[in-house]
There are 2 protein chains.
Amino acid sequence: MTKLDPWGDVEVTDYEATMEQFGIEPIEEVVDRLPDNRLVRRGLVFGHRDLDTVLDARDDGEPFAVMTGIMPSGVFHFGHRTVVEQILLFQEMGAEVTLCAADIESYATRDVSLEEARELVVEEYLLNYVALGLDLDATDFYFQSGAGNDHHVRSKLFARHVTQNEFEATYGSADPGKLVSALTQYADILRPQSPDRVGPKPTVVPVGIDQDPHVRLTRDVAARYRDAGYVKPASTYHRFMRGLQGGKMSSSDPKSHIALTDSVADAKRKIDEAKTGGRVSVEEHRREGGNVEEDMVFELLAYHLVEHDDELDRIREEYESGEMLSGELKQIGKERLETFLRDHQRRREEARPKVEAYLDEHTAVGASN
Amino acid sequence: MTKLDPWGDVEVTDYEATMEQFGIEPIEEVVDRLPDNRLVRRGLVFGHRDLDTVLDARDDGEPFAVMTGIMPSGVFHFGHRTVVEQILLFQEMGAEVTLCAADIESYATRDVSLEEARELVVEEYLLNYVALGLDLDATDFYFQSGAGNDHHVRSKLFARHVTQNEFEATYGSADPGKLVSALTQYADILRPQSPDRVGPKPTVVPVGIDQDPHVRLTRDVAARYRDAGYVKPASTYHRFMRGLQGGKMSSSDPKSHIALTDSVADAKRKIDEAKTGGRVSVEEHRREGGNVEEDMVFELLAYHLVEHDDELDRIREEYESGEMLSGELKQIGKERLETFLRDHQRRREEARPKVEAYLDEHTAVGASN
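As the structure is a computational prediction, the values presented were derived from the model and not from experiment. (Residues numbered from 1 in each chain as written. Chains lettered and ligands numbered in written order. Predicted model: local features only at pLDDT ≥ 70, side-chain atom pairs only at ≥ 80, totals over all residues. Heavy atoms only, no water.)

**So, the overall build of chain A**
Here comes step 1: Counting its regular elements, chain A contains 15 helices and 7 strands.
Here comes step 2: Relative to a compact globule of 369 residues, whose C-alpha radius of gyration would be 21 Å, chain A shows 21 Å and is just as compact.
Here comes step 3: Each principal axis of the C-alpha atoms in chain A carries an extent, and together these give about 70 × 45 × 40 Å.
Here comes step 4: The proportion of buried residues among the 369 residues of chain A is 59%.
Here comes step 5: Considering only intrachain contacts with a sequence separation of at least 6, the fraction spanning at least 24 residues in chain A is 77%.
Here comes step 6: For chain A, the computed accessible surface area is about 14300 Å², with 45% contributed by carbon and sulfur atoms.
Here comes step 7: With 44 positive and 71 negative side-chain charges, chain A shows a separation of 1 Å between the mean positions of the two kinds. (Helix = DSSP H or I, 4+ residues; strand = E, 2+ residues; numbered from the N terminus. Rg over C-alpha atoms; globule rule 2.2 N^0.38 Å. Buried < 20%, exposed > 50% of the residue type's maximum accessible area, 1.4 Å probe, protein only. Contact = heavy atoms within 4.5 Å. Areas by Shrake-Rupley, 256 points an atom, 1.4 Å probe, with all protein chains shown as cover. Lys, Arg positive; Asp, Glu negative; His and termini not counted. Charge placed at Lys NZ, Arg CZ, Asp CG, Glu CD.)

Written out as structure tokens, the structure is:
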């Protein structure tokens, strides 16, 4: 049995078994009710819980929300973009957006000061979110450290509705930092349903499958907590892009990822050094063809750099047939990347004054001692 | 080894061994530096930690504080008065007073709703505190549920500085409700030292010895928490009055206690039914004398109803000599009690408008869902 650890390095590879184990439904069930989306189409967003509650609200013209948390842990790279695209998908469907900067969690579980966390959240996450299309003016963005008295009180009252056994069975320990961080996350996930947000409403949380334990316990707490009548939060689950060298993509290993703030030159160099599915010799490659499954450049194209399936299919066919060499595939990757990064980094600087104005107006920074 | 449980029913009887085990100092050490006080004089307040820090501040004209929490768990009886008298002792010495209503704790550990807790705190505790002499205008009184964003954030950040092992070794479990309640108490105990209260200052917390685990871990957190430079809180420890029938005095057992809101008639009846140290027959009593150690009426006189030692000594001698019968001792108790209750209950009604005005002005009631 896999034990998922939101704070650990457990790498989930067998998604089907994990879905089976934890009762996550395949996205195919609801794909017809979703707008066309590259990640959903390609099965990169593969599962959900209760997404119907959100889609029904959309169909009935009732309010619904999408919520996600930012764990400030390093540079913002393409692996993080997958969540943002799901936020944008639901934003376009009409969802209220709630965005939480988990600075209490990063302090309690990763020894990041509130000041470091704030810097990371703004520079690495918020600017990139807005550059990617987040409508900040229609977003409830907050730092956990400034979430407000009632928010923290709710998270503490939730403690009565989770036992130490449930906590240890779900997370593997009852470490105080983790316990407090988790209870705070339950309040974060339920925040769109709080009284000052006009009460209960369907809410979807796009997560990597390693975060599912938080979703499961929040659903339990939502059902047990007094008479608040919370709607159990829904969730979607996406596959993790592998690192450029194969293996895990990590914020702390620059060679494993391309940050959205990398220079074009650095990004191209990382593509050149990436693990490919090419063969040892040109002759063998022409004969055997490339292996897209083991090609990290192709993975990057499929996740983020080629929008149209027919074009991606053409590239796959040419690569698998041996007609296209790894160097040629990398060339495509580098061109797409250059276009994307130049455009994105321009938008990012354009976003800066808007983000700073928003922060001045909306967010309180919480206690630091 | 005794394990003290702030939430349990463990009854401490061997105070000396417990002091030894947990490193609590005898009050005699500092008695010369304290104002004359009935409870201290009679050894009913018997121990302390670091009380010198508070007394030095007093001597140097530096600010210092006294802090206590109210666990809203039932009627306010004479057993509760012992803490109030210590608060008043330090108030008279010039301490800032902080008074916390632990409504989050009573929700998380005793299933009391915030609304019930608020009612209990005002009717059973606050009115009696003020009637007994608390200067509400010079007091920082608050409900945990309305303690403010920064207060709750601090309590959550403290989680990084306590391990699950320390928590289980100290409290016997890492139950989420207890863990959250304890972390909130650490913030409560350190509240007089928070930035909005002009920062670090010596603080004393008068507690029953069963609450010492909170004091110990708060002292550890104070030493470990970032660069706040908190002064480790000091504490005083008092003996628990026994119940009128012998055994434990309990809010939930009316025959075990006299509530400060009991009618004079009920109070007198409870005295009549109290366990005494009298002998089975008048003859034997005259011959053997009464046993003050086992006489709950004498205990009530010693704790609360006879101010002067020489008078208490006279009563003890007459009772032990057999000259005074249990009925006569009870008669003294009933007269003192009637005078005390009539006076106190009048003061209590006089306190009501002041308390209500204070609550309207100062306290926010926190989230209830």
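So much for the structure itself; the text now carries on.
**What to know about the relation of the copies chain B and chain A**
Here comes step 1: Relative to chain A, chain B is turned by 180 degrees and slid 0.0 Å along the rotation axis, the superposed coordinates differing by an RMSD of 0.0 Å. Both copies are brought into coincidence by an operation consistent with a two-fold rotation axis. For chain B, the smallest separation between a C-alpha atom and the rotation axis is recorded for B:Asn149, amounting to 2.1 Å.
Here comes step 2: Here 100% of the contact residues of chain B are again contact residues in chain A; the copies associate through an equivalent surface. (Least-squares fit on C-alpha atoms with pLDDT ≥ 70 in both.)

**Considering the interface of chain B and chain A**
The accessible area lost on association of the parts is a frequent measure of interface size.
Here comes step 1: Across the contact, 46 residues belong to chain B and 46 residues belong to chain A.
Here comes step 2: Summed over both partners, the interface of chain B with chain A comes to about 3600 Å²; 58% of that surface belongs to carbon and sulfur atoms.
Here comes step 3: A salt bridge links A:Arg160 to B:Asp111, with the shortest nitrogen-to-oxygen separation between them at 3.0 Å.
Here comes step 4: The tally of links from chain B across to chain A stands at 26 residue pairs in polar contact (both at pLDDT 80 or more).
Here comes step 5: Looking at which element gives the most residues to the side of chain B that touches chain A, the answer is helix α8 (residues 149–157) of chain B, with 8 residues.
Here comes step 6: Split by residue class, the side of chain B that touches chain A holds 19 nonpolar, 17 polar and 10 charged. (Buried area = accessible area lost by both parts, 1.4 Å probe. Salt bridge = Lys/Arg side-chain N within 4 Å of Asp/Glu carboxyl O. Polar contact = N/O pair within 3.5 Å; in protein donor to acceptor, adjacent residues only side chain to side chain. Nonpolar A, V, L, I, M, F, W, Y, C, P; charged D, E, K, R; others polar.)

**A short note on empty space enclosed by the protein**
Here comes step 1: A complete count under the given rule lists 3 cavities of 30 Å³ or more for this structure.
Here comes step 2: Surrounding the largest cavity, A:Ser155, A:Lys156, A:Val180, A:Leu183, B:Ser155, B:Lys156, B:Val180 and B:Leu183 form its lining.
Here comes step 3: At the level of elements, α7 (149–157) and α9 (176–190) of chain A together with α8 and α10 (176–190) of chain B are the ones that each hand at least two residues to the lining of the largest cavity.
Here comes step 4: Of the residues belonging to the lining of the largest cavity, the class tally is 4 nonpolar, 2 polar and 2 charged. (1 Å grid on protein atoms, 1.4 Å probe; cavity = no way out; pocket = protein on both sides within 12 Å on 5 of 7 lines; lining within 4 Å. Points joined across faces, edges and corners; volume = space filled by probe spheres on them.)

**With respect to the domain arrangement of chain A**
All names here are of chain A.
Here comes step 1: Looking at chain A, the domain boundaries give domain 1 (15–240) and domain 2 (254–348).
Here comes step 2: Between the C-alpha centres of domain 1 and domain 2 there is a distance of 31 Å.
Here comes step 3: Listed by partner, the interface residues are 20 residues for domain 1 and 22 residues for domain 2.
Here comes step 4: In total, about 1800 Å² of surface goes out of reach between domain 1 and domain 2, with carbon and sulfur atoms giving 54% of it.
Here comes step 5: Taken as a group, Arg42, Phe78 and Ala131 account for 36% of the area that domain 1 buries against domain 2, more than any other trio of residues on that side.
Here comes step 6: Where domain 1 packs against domain 2, one counts 4 salt bridges.
Here comes step 7: Note that Arg348 is salt-bridged to Glu123, the shortest N-O span being 3.7 Å.
Here comes step 8: Remark: the boundary between domain 1 and domain 2 carries 15 residue pairs in polar contact (both at pLDDT 80 or more). (Domains from an automatic or database assignment.)

**Side note on the sheet that holds strand β7 (residues 234–238) of chain B**
Residues and elements named next belong to chain B.
Here comes step 1: Taken in spatial order, the 7 strands line up as β1-β2-β7-β6-β3-β4-β5 in an open sheet, and their pairing is mixed. The open sheet terminates on both sides in strands that have one partner only, identified here as β1 (25–26) and β5 (139–143).
Here comes step 2: Here 4 bridges tie strand β2 (residues 45–49) to β7, and the two strands are oriented antiparallel to one another. Counted as the bridge partner of Val45 is His238 from β7. (Pairing = 2+ DSSP bridges.)

**Examining the packing of helix α9 (residues 164–171) of chain B against helix α11 (residues 212–224) of chain B**
Residues and elements named next belong to chain B.
Here comes step 1: Contact geometry of α9 with α11 gives a least axis separation of 10 Å together with a crossing angle of 155 degrees. The orientation of α9 with respect to α11, classified from their angle, is roughly antiparallel. The two elements α9 and α11 meet at a crossing, and its hand is right-handed. In this structure, α9 contributes Glu166, Phe167, Thr170 and Tyr171 to the contact, and α11 contributes Pro213, His214, Arg216, Leu217 and Arg224.
Here comes step 2: In terms of residue class, the contact of α9 with α11 is made up of 4 nonpolar, 2 polar and 3 charged. (Axes fitted to C-alpha atoms, helices over the stretch in contact; angles between N-to-C directions. Parallel < 35°, antiparallel > 145°, perpendicular 65-115°, else oblique. Left-handed = near helix turned anticlockwise from the far one by under 90°.)

**Quick look at the packing of aromatic side chains**
Here comes step 1: For the coordinates displayed, the defined rule picks out 18 aromatic pairs over all chains.
Here comes step 2: Both rings, one in B:Phe76 and one in B:Tyr125, keep their centres 5.7 Å apart while their planes meet at 90 degrees; by these two values the pair is edge-to-face. A residue pair is termed long-range when its members are at least 10 positions apart, and B:Phe76 in the loop between β3 (65–70) and α5 (78–93) and B:Tyr125 in helix α7 (residues 114–132) qualify at 49 residues. The pair formed by B:Phe76 and B:Tyr125 is uniform in burial state, with each residue classed as buried.
Here comes step 3: Taking NZ or CZ as reference, A:Arg160 lies 4.2 Å from the ring centre of B:Tyr107, over its face. (Phe/Tyr/Trp six-rings, centres within 6.5 Å; stacked < 30°, edge-to-face > 60°. Lys NZ or Arg CZ within 6 Å of the ring centre and 35° of its normal.)

**With respect to helix α8 (residues 164–171) of chain A**
Here comes step 1: Along α8(A), the positions that sit buried rather than exposed are A:Gln164, A:Phe167, A:Thr170 and A:Tyr171. Viewed along the axis of α8(A), the buried residues span an arc of 135 degrees, placing them on a single side of the element. Facing away from the buried surface of α8(A) by more than 90 degrees, the exposed residues are A:Asn165 and A:Ala169.
Here comes step 2: Packed against the buried residues of α8(A) are α9 and α10 (212–224) of chain A together with α9 and α10 of chain B.
Here comes step 3: The positive-phi residue at the C-terminal boundary of α8(A) is A:Gly172, with phi of around 90 degrees. (Arc of directions from axis to C-beta.)

**A few points about the sheet that holds strand β2 (residues 45–49) of chain A**
Within a beta sheet, neighbouring strands are joined by backbone hydrogen bonds and run either parallel or antiparallel to one another.
All names here are of chain A.
Here comes step 1: In space, the 7 strands of this open sheet follow the order β1-β2-β7-β6-β3-β4-β5, with mixed pairing throughout. Looking at which strands have only one partner, the edges of the open sheet turn out to be β1 (25–26) and β5 (139–143).
Here comes step 2: As paired elements, strand β3 (residues 65–70) and strand β6 (residues 203–208) share 2 bridges and run parallel to each other. Residue pairing in the sheet places Val66 in a bridge with Val204 of β6.

**Observations regarding the pairing of β5(B)**
Walk down a regular strand and you will see the side chains alternate between the two sheet faces.
All names here are of chain B.
Here comes step 1: Counting buried residues in β5 gives 5 out of 5 residues, a clear majority hidden from the surface.
Here comes step 2: Where strand β4 (residues 96–101) lies against β5, 5 bridges are found, and the strand directions are parallel. Residue Cys100 lies in a different strand from β5, and its bridge partner there is Tyr142.

**As for the pattern of salt bridges**
Here comes step 1: In total, this model carries 76 salt bridges over all chains according to the counting rule given.
Here comes step 2: Residues A:Glu123 and A:Arg352 are paired through a salt bridge, measuring 2.8 Å at the closest nitrogen-oxygen approach. Of this pair, A:Glu123 sits in helix α6 (residues 114–132) while A:Arg352 is found in helix α15 (residues 326–362), placing the two residues 229 residues apart along the sequence.
Here comes step 3: For A:Arg352, a relative accessible area of 22% corresponds to the partly exposed category.
Here comes step 4: Residues B:Arg42 and B:Asp309 are paired through a salt bridge, measuring 2.9 Å at the closest nitrogen-oxygen approach. Residue B:Arg42 is found in the loop between α3 (38–41) and β2, and its partner B:Asp309 is found in helix α15 (residues 309–320); the two are separated by 267 residues along the sequence.
Here comes step 5: Judged by relative accessible area, B:Arg42 falls into the buried class, the value being 18%.

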